[in-house]
Amino acid sequence: MLKDEVANALKVVQDGGIILYPTDTIWGIGCDATNTEAVKKIFALKQRDEAKSMIILLDNDNKLQSYVSHVPDIAYDLIEFAEKPLTLVMPGAKNISPALIAEDGSVGIRVSNHDFCKQLMQRLRKPLVSTSANISGHPSPKNFGQVSPEIIEGVDYVVDLEQHDMSEKQPSTIMRLEADGRFEFLRR
């Protein structure tokens with residue numbers, strides 16, 4: 001049940017653990033985005049270069065200004081009118097683990113409309129890391145059935161929701177959004 005899975009995942013994340021969980025896009029590996037030790041566990045599991053940053057999820061666009069020093073007004077329109085999940089890469093990242101901030105000071109942020117993600121973040125009161133549930137360089141899993149055993153065994157908790165949904169999910173659209181409102185697509 002959703003409520004139980006949120007409670008189970010919350011305890012793991014609050015204790016510095018990493019979880020495998022469904023999102024509004026593909027399955028993700030996540031943790032408390034303010035906990036550098038937990039973030040480093042994800043880099044290690046994914047065998048990912050720490051110079052390649054990971055995104056964070058928020059449950060509400062009102063929280064953008066808590067994690068980015070200047071949010072251009074157009075960010076709210078882009079999020080509101082996006083036809084599919086949208087990750088915005090913005091400069092001036094703050095209040096998150098330094099391990100999540102790219103060399104240029106930016107961070108990728110997606111406002112999630114997924115029930116599990118929203119409820120977990122509302123209870124955690126912090127953003128969640130979200131990175132594809134794969135070893136770096138391997139294809140991203142389009143559903144739970146494509147997640148490798150290495151990832152499943154490497155996390156502290158696997159959320160027991162949507163595991164039997166075999167529909168193929170797509171990753172989010174990614175846009176770089178500058179403080180002055182200029183933007184460009186990085187992935188459509």
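Note that the coordinates shown come from a computational prediction; the quantities given were computed from them, not determined experimentally. (Residues numbered from 1 in each chain as written. Predicted model: local features only at pLDDT ≥ 70, side-chain atom pairs only at ≥ 80, totals over all residues. Heavy atoms only, no water.)

Q: Honestly, the sheet that holds strand β7 (residues 157-158) in this entry has me stumped. Any pointers?
A: In sheet architecture, strand pairing relies on hydrogen bonds along the backbone and comes in two forms, parallel and antiparallel. One open sheet accounts for 9 strands, arranged β7-β1-β2-β6-β3-β5-β4-β8-β9; its pairing is mixed. Among the strands making up the open sheet, the edge pair consists of β7 and β9 (183-187). Relative to strand β5 (residues 107-111), strand β4 (residues 86-90) runs antiparallel, the two sharing 4 bridges. Considered in β5, the bridge of L88 is made with I109. Helix α2 (residues 36-46) contacts β2 (28-30) and β6 (128-132) of the sheet and is inclined by roughly 5° relative to β6. Packing against the sheet, helix α4 (residues 74-81) makes contact with β4, β5, β8 (173-177) and β9, and its axis sits at approximately 160° to β4. (Pairing = 2+ DSSP bridges. Helix = DSSP H or I, 4+ residues; strand = E, 2+ residues; numbered from the N terminus. Contact = heavy atoms within 4.5 Å. Axes fitted to C-alpha atoms, helices over the stretch in contact; angles between N-to-C directions.)

Q: How do you make sense of the pattern of salt bridges when you look at a structure like this?
A: Pairs may arise between side chains of opposite charge once their charged atoms sit close together. Under the definition given, this model contains 7 salt bridges. With its nearest N and O atoms 2.8 Å apart, the salt bridge here joins R110 to D24. Residue R110 is located in strand β5, and its partner D24 is located in the loop between β1 (19-21) and β2; the two are separated by 86 residues in the primary sequence. Classification of D24 by relative accessible area gives partly exposed; the value is 21%. Close ionic contact of R182 with D180 constitutes a salt bridge, the shortest N to O distance being 2.9 Å. Across the pair, exposure class does not vary: R182 and D180 are exposed alike. (Salt bridge = Lys/Arg side-chain N within 4 Å of Asp/Glu carboxyl O. Buried < 20%, exposed > 50% of the residue type's maximum accessible area, 1.4 Å probe, protein only.)

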